[in-house]
Amino acid sequence: MMIHDREGRNLLQIWKSQRRKIRAEFCAGNISVWFTGNVESYSEVELVLSRGGDQMSISLFCATYRVVEPDGNANGMNWRGIARVAIVTTDADTSCTLYELDC
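Let me begin by describing the structure that accompanies this report. Each residue is numbered by its place in its chain's sequence as written, counting from 1. Local features in a predicted model are, by the rule used here, given only for residues with pLDDT of at least 70; side-chain atom pairs are given and counted only at 80 or more, and totals for whole chains, interfaces and linings are based on all residues. Just so you know, side-chain values use all the structure's heavy atoms and leave hydrogens and water out.

## Some words on the overall build of the protein
Part 1 of the argument: Per the secondary structure count, the protein includes one helix and seven strands.
Part 2 of the argument: The way it works is that DSSP assigns letters per residue, a run of H or I at least four long becomes a helix, a run of E at least two long becomes a strand, and they are numbered from the N terminus. Along the chain direction, N to C, the helices and strands of the protein fall in the order α-β-β-β-β-β-β-β.
Part 3 of the argument: Taking 13 Å as the expected radius of gyration for a compact globule of 103 residues, we find that the protein reaches 13 Å, a close match to that expectation.
Part 4 of the argument: Structurally, the protein occupies a C-alpha span of about 35 × 35 × 25 Å along its principal axes.
Part 5 of the argument: Accessibility here uses a 1.4 Å probe with only protein chains present; expressed as a share of the type maximum, an area under 20% marks a residue as buried, one over 50% as exposed, and anything in between as partly exposed. Buried residues in the protein amount to 40% of all 103 residues.
Part 6 of the argument: The contact criterion used is simple: two residues touch if any of their non-hydrogen atoms lie within 4.5 Å. Within the protein, contacts between residues separated by at least 24 positions form 41% of all contacts whose residues are at least 6 apart in sequence.
Part 7 of the argument: In these tables, accessible area is a Shrake-Rupley quantity obtained with a 1.4 Å probe, and a residue counts as shielded only by the protein chains included in the view. Carbon and sulfur atoms form 48% of the exposed surface of the protein, whose accessible area is close to 6,000 Å². When we talk radius of gyration, it's over C-alpha atoms, and the globule rule is simply 2.2 Å times the number of residues to the 0.38.

## Points about unusual backbone geometry
Part 1 of the argument: The backbone of Arg 19 shows a phi angle near 50°, a positive value even though the residue is not glycine.
Part 2 of the argument: If you trace the backbone, Arg 19 turns up in the loop between helix H1 (11-17) and strand S1 (22-28).
Part 3 of the argument: Despite not being glycine, Cys 62 has its phi angle at roughly 55°, a positive value.
Part 4 of the argument: Residue placement: Cys 62 occurs in the loop between strand S4 (54-59) and strand S5 (64-68).

## Structural notes on the pattern of salt bridges
Charged atoms that come close allow side chains of opposite charge to pair.
Part 1 of the argument: Any Lys or Arg side-chain nitrogen located within 4 Å of an Asp or Glu carboxyl oxygen qualifies as a salt bridge. Scanning all chains against the criterion turns up nine salt bridges.
Part 2 of the argument: For Glu 100, the salt bridge goes to Arg 20, with nearest N and O atoms at 3.0 Å. Of this pair, Glu 100 sits in strand S7 (residues 95-101) while Arg 20 sits in the loop between H1 and S1, placing them 80 residues apart in sequence.
Part 3 of the argument: Residue Asp 54 is joined to Arg 51 by a salt bridge in which the shortest nitrogen-to-oxygen separation is 4.0 Å.
Part 4 of the argument: We classify Arg 51 as partly exposed; its relative accessible area is 37%.
Part 5 of the argument: Salt bridges sharing partners connect three or more residues here, namely Asp 5, Arg 6, Glu 7, Arg 9, Arg 20, Glu 69, Arg 84, Glu 100 and Asp 102.

As structure tokens, then:
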């Protein structure tokens, strides 16, 4: 699965080529885990973020996504420091929010 913006551009390719900072956040119940890094690699079934010597692998196998971008009413979000958000739901029904940081 590839993640596309409103204009149909591949966000994973853009994030990798421009070395954009991405924060991945997983929430389950009252537990939240997050990781901030750059796109190391991606394919139809996996996204790998890295920082220093650490990596996080996110399964994209049979995933769905929704991209949220700032608009006139700010979609009810505080967009300070965030360029756009991709909400990915995996085949295991786990949700991962990918924040493209504006830095």
